[in-house]
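Given next are the chains, with one letter for each unit.
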Amino acid sequence: DAGITQSPRHKVTETGTPVTLRCHQTENHRYMYWYRQDPGHGLRLIHYSYGVKDTDKGEVSDGYSVSRSKTEDFLLTLESATSSQTSVYFCAISAGRGQGYTGELFFGEGSSLTVL
Amino acid sequence: AQSVTQLGSHVSVSEGALVLLRCNYSSSVPPYLFWYVQYPNQGLQLLLKYTTGATLVKGINGFEAEFKKSETSFHLTKPSAHMSDAAEYFCAVSDQSSTDKLIFGTGTRLQVFP
């Protein structure tokens, strides 16, 4: 199994509070991604990173920011959480193009966030 | 732009029956296609993938999928369902940009009845 750890695994917070989710990988993969999973929507990309300090927006990035100061860590921050951000958040990693490239992503176990 | 459509948000089968989960894709380039499975309260696990070559792809747990370019489909099948197959299944296509983002379908929840 790919070494991906998400923390916290479960969090309940109140509207308006800041929240940071952490993704830590031990695979030294270049690419890291944050997705959110909601019923009827599947997984939607929030933000992704293609290297240290290199990040970009996905399709549902409003209300979220990210940072990547080290290869192994990718942080997702909700500056002021809202009830619409109640979701399950998944981190994923990819080695990117190179020998044996197949394009697949490896996923963490997910972080459940409830915003009251 | 790439996109994925999964027909049927819920599929129910009896144990031992054929499993068929449908996936159609849209892609402006030859696609890389994936099926992932998610068991309750877990992350996503890769079942199988198509990149190039043989269009019939075999995966884990007896699942297979066939890439049909003319139908823009990548349906997932298993000849005989087992109770342990109950899970949510996601079809995905790679956007094949340099950052390799995956675009997911909305998922199909498979129930298996005894």
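Residues numbered from 1 in each chain as written. Chains lettered and ligands numbered in written order. Predicted model: local features only at pLDDT ≥ 70, side-chain atom pairs only at ≥ 80, totals over all residues. Heavy atoms only, no water.

Q: For this particular structure, what's the right way to read the sheet that holds strand β6 (residues 56-58) of chain B?
A: Note on sheets: strands pair through backbone hydrogen bonds, and any given pair is parallel or antiparallel. All names here are of chain B. Overall, antiparallel pairing links the 5 strands, which are arranged β1-β3-β8-β7-β6 in an open sheet. Because the sheet does not close on itself, it has two edges, and the strands there are β1 (3-7) and β6. Strand after strand, the sheet turns through a mean of 20° between neighbouring axes, direction not considered. Summarising the sheet, strand β7 (residues 64-68) and strand β8 (residues 73-78) pair through 5 bridges and their orientation is antiparallel. Counted as the bridge partner of Ala65 is Leu76 from β8. (Pairing = 2+ DSSP bridges. Helix = DSSP H or I, 4+ residues; strand = E, 2+ residues; numbered from the N terminus. Axes fitted to C-alpha atoms, helices over the stretch in contact; angles between N-to-C directions.)

Q: I would appreciate a short explanation of unusual backbone geometry in the present structure.
A: Note: most peptide bonds trans; most residues except glycine with negative phi. Residue Ser7 of chain A is joined to Pro8 of chain A through a cis peptide bond whose omega torsion reads -10°. Looking at the secondary structure, you find Pro8 of chain A in the loop between β1 (4-7) and β2 (10-13). Even without glycine at this site, Asn28 of chain A takes up a positive phi of about 60°. As for its position among the elements, Asn28 of chain A is in the loop between β3 (19-25) and β4 (31-38). Its relative accessible area of 63% is what places Asn28 of chain A among the exposed residues. If you check the backbone angles, Thr72 of chain B has positive phi at about 45° while not being a glycine. Assignment of secondary structure puts Thr72 of chain B in the loop between β7 and β8. Under the relative-accessibility criterion, Thr72 of chain B is labelled partly exposed at 32%. (Buried < 20%, exposed > 50% of the residue type's maximum accessible area, 1.4 Å probe, protein only.)

Q: When you look at the sheet that holds β3 of chain A in this model, what are you seeing that I'm missing?
A: Residues and elements named next belong to chain A. The antiparallel open sheet is built from 4 strands, whose spatial order is β1-β3-β8-β7. Of all the strands in the sheet, the pair left with one neighbour each is β1 and β7 (64-70). Taking the axes of each pair of neighbouring strands and ignoring which way they run, one obtains an average angle of 15° across the sheet. Where β3 meets strand β8 (residues 73-78), 6 bridges bridge the pair, whose relative direction is antiparallel. Across the sheet, residue His24 finds its bridge partner in β8, namely Asp73.

Q: How do you make sense of the state of the cysteines when you look at a structure like this?
A: A covalent bond between the sulfur atoms of two cysteines is referred to as a disulfide. Summed over all chains, the structure comprises 2 disulfides over all chains. The disulfide partner of Cys23 of chain A is Cys91 of chain A, and the S-S distance across this bridge is 1.9 Å. As the torsion about the S-S bond is roughly -70°, the Cys23 of chain A-Cys91 of chain A disulfide counts as left-handed. Linking Cys23 of chain A in strand β3 with Cys91 of chain A in strand β9 (residues 87-94), this pair joins segments that are 68 residues apart in sequence. In this pair, the class of Cys23 of chain A matches that of Cys91 of chain A, namely buried. Here Cys23 of chain B is linked by a disulfide to Cys91 of chain B, with a sulfur-sulfur distance of 1.9 Å. Given an S-S torsion of about -65°, the disulfide between Cys23 of chain B and Cys91 of chain B has left-handed geometry. (Disulfide = S-S within 2.5 Å.)

Q: Any chance you could explain the pairing of β7 of chain B here in plain terms?
A: Within a regular strand, side chains alternate between the sheet's two faces. Residues and elements named next belong to chain B. Alternating residues of β7 divide into Ala65 and Phe67, all buried, and Glu64, Glu66 and Lys68, none buried. Judged from the 3 bridges that link them, β6 and β7 form a sheet pairing that is antiparallel. Within β7, the position partnered with Val57 by the bridge is Ala65. Here β6 folds back onto β7, and the loop between the two strands holds 5 residues, one of which, Asn61, carries a positive phi near 60°. In this structure, the hairpin formed by β7 and β8 is closed by a connection of 4 residues, where Thr72 is found at a positive phi of approximately 45°.

Q: Just checking my understanding: could you explain the interface of chain A and chain B for this structure?
A: The accessible area lost on association of the parts is a frequent measure of interface size. Contacts between the two partners involve 23 residues from chain A and, on the opposite side, 24 residues from chain B. Interface of chain A and chain B: buried area, both sides summed, is about 1800 Å²; carbon and sulfur atoms make up 54% of it. For the interface between chain A and chain B, the tally reads 1 salt bridge. Residue Lys49 of chain B is joined to Glu104 of chain A by a salt bridge in which the shortest nitrogen-to-oxygen separation is 3.0 Å. (Contact = heavy atoms within 4.5 Å. Buried area = accessible area lost by both parts, 1.4 Å probe. Salt bridge = Lys/Arg side-chain N within 4 Å of Asp/Glu carboxyl O.)

The quantities given are spatial measurements derived from coordinates; they are silent on function.
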